[in-house]
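Single-letter residue listing:
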Amino acid sequence: MTSETAAPAPSSTFRDLALIAPLLRKLDELGYELPTPIQAATIPLLLAGKDVIGQAQTGTGKTAAFALPLLNKLDLSKTKPQVLVLAPTRELAIQVAEAFQKYATHLPGFHVLPIYGGQSYGPQLSALKRGVQVIVGTPGRVIDHLERGSLDLSALRCLVLDEADEMLRMGFIDDVETVLKKVPATRQVALFSATMPSQIRRIAQTYLKDPVEIAIKSTTATAANIRQRYWMVSGVNKLDALTRILEAEPFDGMLVFARTKLGTQELAEK
């Protein structure tokens, strides 16, 4: 396993990354100017057909880091799935599918399908029959379709494991391995994970071919003009403490975060 941290050149633009004109046009329309570090590091590697391990937090732009190069490489004349993205939750599957759809605005004939549990099979089966180039799904529902024979991965070019550590935490890692064993041996694999527990590392070593490893440190920091203060109080005293702050601090508006829906309603009422 090669371990490289591909540092982007500060001046690199999306045009420097050799993306096709329809994608660049969409990025211009969206107002994207410079790639994020994970995008600048990952896009050239995926375009070159390399297997990639990306260690990056949510919010670093990792969806575009894999969606753009994989859209770039699609053969839109073919309707068998060429890309499969595995995601831990229905919400993330929908979000990633929507991102593919958004970036592919100027790619005629492009189709993406999110497949997940809790949705009836009918629409998914109809869409699969019509043909799609990209599938974004949760592991269990992808396996259901493979076992039904409704999902043909024989033409698959790339498999993306998005938020792999979250799939491990939710107990889907055996399903992920089942899918990995059913895809063509020639496929490219991109694995993204915020952390690298031993089981994720083992999957990378078993199923990825000489992957390039990219670690993007989170750069989230408090803005310089913000002062942070905290006051430690026990649960029963929280309302009194908040009331004191509301009385003592001058403010035009305030955001209060609560942990639960019920706690939010109770606090608002009080």
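Residues numbered from 1 in each chain as written. Predicted model: local features only at pLDDT ≥ 70, side-chain atom pairs only at ≥ 80, totals over all residues. Heavy atoms only, no water.

Enquirer: Lay out the pairing of strand β5 (residues 134-137) with the relevant residues and their values.
Expert: Residues Val-134 and Val-136 line one face of β5 and the alternating positions Ile-135 and Gly-137 line the opposite face, and both faces are buried. Direction of pairing for strand β3 (residues 83-86) relative to β5: parallel, over a ladder of 4 bridges. What sits directly across from Val-83, in β5, is Val-134. Assessed by its sense of winding, the connection that carries the chain from strand β4 (residues 112-115) through helix α5 (residues 121-130) to β5 is right-handed. (Buried < 20%, exposed > 50% of the residue type's maximum accessible area, 1.4 Å probe, protein only. Helix = DSSP H or I, 4+ residues; strand = E, 2+ residues; numbered from the N terminus. Pairing = 2+ DSSP bridges. Right-handed = clockwise from strand over helix to strand, strands pointing away.)

Enquirer: With reference to specific residues and values, describe the packing of helix α6 (residues 139-148) against helix α8 (residues 173-182).
Expert: Across the interface, α6 lies against α8 with an axial gap of 9 Å and an inter-helix angle of 40°. It follows that α6 is oblique to α8 by the angle criterion. By crossing handedness, the relation of α6 to α8 is classed as left-handed. The segment α6 lies against α8, with Pro-139, Gly-140, Val-142, Ile-143 and Leu-146 engaging Asp-175, Val-176, Thr-178, Val-179 and Lys-182. In the contact of α6 with α8, the residues fall into 6 nonpolar, 2 polar and 2 charged. (Axes fitted to C-alpha atoms, helices over the stretch in contact; angles between N-to-C directions. Parallel < 35°, antiparallel > 145°, perpendicular 65-115°, else oblique. Left-handed = near helix turned anticlockwise from the far one by under 90°. Contact = heavy atoms within 4.5 Å. Nonpolar A, V, L, I, M, F, W, Y, C, P; charged D, E, K, R; others polar.)

Enquirer: Describe in detail the confidence of the model for the protein chain, supporting the description with residues and values.
Expert: Looking at the protein chain as a whole, its pLDDT mean stands at 90, while 94% of the residues score no less than 70. Considering only residues more than four positions removed or in separate chains, one finds that residues 6-11, a stretch of pLDDT under 50, has 4 contacts. (pLDDT = per-residue confidence, 0-100.)

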